[in-house]
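Survey of secondary and tertiary structure
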Amino acid sequence: MRAGLSIGLPLANARAICPELTVFDADAAADRKTLGDIADWCDRFTPLVALDPPHGLFLDITGCAHLFGGERALLQAASGALARQGFAVSAAIARTPVCARTLTRQASGIIIADGEEAAAVGPLPVSALGADEAITGGLRRAGLKTIGDVAARGRHEITARFGAGFTCLLEQALGQGDAPISPRKPLPDYIVEKRFPEPVATEAVIALNLSALSAMLVTAMDRQGKGARRLEASFFRTDGAVRTISVETGRPVTRAEVIGRLFRERLDALNDPLDPGFGFDLVRLSASRTEIVVQQQRDLDSNVHDNDALAALIDRIAARIGGRRVVVHLPEDTHIPERAVLAAPAQHHLAAAAQAAWPARVESEPPLRPLRLFDRPEPIKVPFATVPDGPPHQFTWRRVTHAVVRVEGPERIAMEWWKSDGAGPTRDYFRIEDEAGLRFWIFRDGLYESEPAEGAGQPSSIRWFVHGLFA
Amino acid sequence: MSGACTNTLANLRGRIARIEAHGDAHDLTRVALGHAAADAALCGGLAVAAVHEVFAEGRQSATATGFVAGLAGRLTPRRPLVWVRQDFSEIESGALSMRGLCELGLDPRLVVTVRATDTDAALRTAADALACDALGVVVLEVWGPARQLDLVASRKLTLAAQASGVTALLLRVGAEPLPSTAETRWIVRAAHSPPSAPWHAWGAPMFDAQLVRNRHGPVGRWIMEWKSDECFFTEPATHPQPVAATPAHRPHQAAAIGQQRRAS
């Protein structure tokens, strides 16, 4: 800027103006990431931050400015901190986002009171509106140099020539109409935060502050009878990096010590630990999903306590190793063995699993289903079967040959042909005991008679698998 | 020495004796397995609030799983069970099937499975779960040799189990026994189904269970059969032909036929 360069200038012209210029290729992905990081950092001013690519950010500071000593102080704090990080900042505060953006094209640090937008943006060139290249060129050709010139024309003329979108943009730039921003993250239900005049870096202090924040959060939620299902802790580093860590729970949490413990577990188990660097100057705890807690009287039965203790244990384990790794099992209404059981996250399905109706076993029969089931049946080598539909006499699984001593079967299970993905060969299952007493559940994939005869012997497409192991 | 001094000394000795005896085998709760000889060797049954280890070769993994499931079913039929295992063991010997548990007469509604990525995570999760007194049994399934499961880790598990009253069952497939503080250690292999005509029912879980370590009693080796209907271990039937379990609500067959004859 100082040297007289501007965005969109051809490289040759720029070199002519400034011969000692260093040139880099544009890296759009890195630019986007940096903008995202800056937006994260801007979370400290307001939870409503929206991206305006390629290099703009909208902050909705309604109701936030007084926390930072007024609009002027907020603007100075934000642009000052970003400038210290080495970014060129141009910021403005106005009633609508488009108006503020237009003003930043002119100068930084402008604050426009309500009603003065038209006067402020009037003298600016039409390119400041940020409309398409074609529209800006068209306006210039029509002799409309400034926004004031355009605003002076009738709206129907502008709409007829440049479209309704441009009229809308123009009205917003003039401070008319209501244009909400679309924030990057949904607004959390509750936020508590603590700012530090001096950055904190030690684990003990961070843990202490987290527990103090949890107590504040719980007090705030308790007033409205809410409990948290999803919690986020954001750590704002002095150098601008922001780390957000979230924890989910199976049932609404209403106790501060539980929140503290969940975050301790989570922080302990992070793959890339929380790096305080030069310290954190802001720690924020927010409840992004909450539920109404029904305060019910506990009966003297210890079952209720046990269920709570189990749910708390599941939450702790899930916080450390991930919610999808702690599962309960639900029966599915299907005959296909590998689909008969659904593993569902325990945090959300604990109650459903406790009520599940499992098929009853047949009395005084040996187990008909194996205790260990392979997700993906393992192929075995079967030299021959005595009768076409019969069981094998020996088979080779994992390079060991097993001689079959006892056989029970076949149990024929047809695939679910009425479903779109259900087609497949019918399986004949056999329970098999080998000479060592090991019991297998093997099946033949496909029937003999349905296969086209390929000369003599066994059709090549008939395959055998071991699907499970009995105790 | 004056009488008062002797008295104090005796008191102190008594207190020390009580402290030392605390948590020892003599006041452990025990649950009978149902197999008479094994129960006799175990002084009445398997100790609750202790650590028990079950070892097996790689190919005997399902058998060992069945044995551990049987032990868990005996110990606490109505309390939640947390089954901690590594991802690798699922690839190697298959996932624990809930339908299979049903077939053994156990309740899959009480099972919470934790899929840990590695041994460290599994061990830590198991220690956490053992501290939760709402549970009945915690099963820790570790495939292959694991140097993390040393004497210190085993001692930690034992202490956690004693404090909470939860029983820990270690399922070690494809591993060599190492020194540990376990109450009992078993090596399990599959046993043949009893000889019978091929059309007779066969395939009830049969274990060749070898008790290789028992802190408070002798060791031994027995053939045990798991009765899925009644949920206990027994000696294998001496009768070559298995007899169907007679449900309690149905009259005995001979008596019923007799009644029919009288009626006709």
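Further up the page is the structure itself.
Okay, so let's go over this structure. What you see is a predicted model; the values in this text were computed from it and never measured. (Residues numbered from 1 in each chain as written. Chains lettered and ligands numbered in written order. Predicted model: local features only at pLDDT ≥ 70, side-chain atom pairs only at ≥ 80, totals over all residues. Heavy atoms only, no water.)

**A look at the overall build of chain A**
Operational definition: Helix and strand assignments come from DSSP, with helices taken as H or I runs of at least 4 residues and strands as E runs of at least 2, each series counted from the N terminus. Note that the radius of gyration is over C-alpha atoms, with the globule rule given as 2.2 Å times the number of residues to the power 0.38. Burial status follows relative accessibility: with a 1.4 Å probe on protein chains alone, a residue under 20% of its type maximum counts as buried, one over 50% as exposed, and anything between as partly exposed. We call two residues in contact when some of their heavy atoms are within 4.5 Å.
If you tally the helices and strands in chain A, you get 13 helices and 16 strands. Its C-alpha atoms give chain A a radius of gyration of 34 Å, clearly above 23 Å, the size a compact globule of 471 residues would have. Taking the principal axes of the C-alpha coordinates as reference, chain A spans close to 95 × 70 × 50 Å. Within chain A, the fraction of its 471 residues that count as buried is 42%. Relative to all contacts within chain A whose residues are 6 or more apart in sequence, the contacts with residues 24 or more apart total 56%.

**Examining the sheet that holds strand S6 (residues 111-116) of chain B**
Defined as follows: Being paired, for any two strands, means DSSP has found at least two bridges between them. Here, axes are lines fitted to C-alpha atoms. For helices the fit covers the stretch in contact, and angles between N-to-C directions go from 0 to 180 degrees.
Reading across the sheet, the 11 strands line up as S10(A)-S9(A)-S6(B)-S4(B)-S7(B)-S8(B)-S3(B)-S9(B)-S10(B)-S11(B)-S12(B) and stay open at both edges, with mixed pairing between neighbours. Lying at the two open borders of the sheet, with one neighbouring strand each, are strand S10 (341-345) of chain A together with strand S12 (232-234) of chain B. The mean inter-strand angle of the sheet, taken between neighbouring strand axes irrespective of direction, is 30 degrees. The sheet contacts of helix H6 (residues 119-130) of chain B involve strand S4 (81-86), S6, strand S7 (137-143) and strand S8 (167-173) of chain B, and relative to S7(B) the element is tilted by about 170 degrees.

**Describing the sheet that holds strand S7 (residues 242-253) of chain A**
Sheet strands pair by backbone hydrogen bonding; their relative direction is either parallel or antiparallel. All names here are of chain A. Strands sit in the order S5-S8-S6-S7 across an open sheet of four strands; the sheet is antiparallel. The sheet is open, and its two edges are formed by strand S5 (190-200) and S7, each paired on a single side. With strand direction ignored, the average angle separating the axes of adjacent strands in the sheet is 15 degrees. Here strand S6 (residues 226-237) pairs with S7 via eight bridges, running antiparallel. Paired with Phe235 across the strands is Arg243, a residue of S7.

**Regarding the side chain of A:Asp40**
All names here are of chain A. This is how the line gets drawn: Whenever two N or O atoms come within 3.5 Å, that pair is a polar contact, provided that in protein one can donate a hydrogen and the other can accept it, and provided that, for residues adjacent in sequence, both atoms are side-chain atoms.
Positionally, Asp40 belongs in helix H2 (residues 28-42). Of the residues examined, Asp40 reaches a relative accessible area of 18% and is grouped as buried. Side chain to side chain, Asp40 and Arg184 meet in a polar contact 3.1 Å long. Setting aside residues no more than four positions away along its own chain, Asp40 makes contact with Arg184, Lys185, Phe236 and Val242.

**Some points on the nonpolar core**
Formally: The set of buried Ala, Val, Leu, Ile, Met, Phe, Trp, Tyr and Cys residues whose side-chain atoms join them within 4.5 Å is what this entry labels a nonpolar core.
With 89 residues, the main nonpolar core has B:Val54, B:Phe67, B:Leu135, B:Leu140, B:Trp186 and B:Met224 as its most contacted residues. With eight residues, the top contributor of residues to this core is helix H12 (residues 302-321) of chain A. Setting aside chain neighbours within four positions, we find B:Phe67 in contact with B:Val54, B:Trp186, B:Val188, B:Phe207, B:Ala209, B:Met224 and B:Phe233. In terms of nonpolar packing, the next biggest core, distinct from the first, is built from 28 residues, A:Ile206, A:Met221, A:Leu231 and A:Phe280 among them.

**Some remarks on the interface of chain A and chain B**
Note the threshold: The quantity reported as buried area is the accessible area (1.4 Å probe) lost by two parts once they are put together, taken as the sum for both. For salt bridges, the criterion is a side-chain nitrogen of Lys or Arg within 4 Å of an Asp or Glu carboxyl oxygen.
If you look at the interface, chain A gives 59 residues, while chain B gives 66 residues. In this assembly, chain A packs against chain B so that about 5,200 Å² is buried in total across both faces, 54% of it on carbon and sulfur atoms. If you look at where chain A meets chain B, you find six salt bridges. Across the pair B:Glu92 and A:Arg398 runs a salt bridge whose closest N-O atoms are separated by 3.6 Å. Per-element accounting of the side of chain A that touches chain B gives the leading share, 10 residues, to H12(A).

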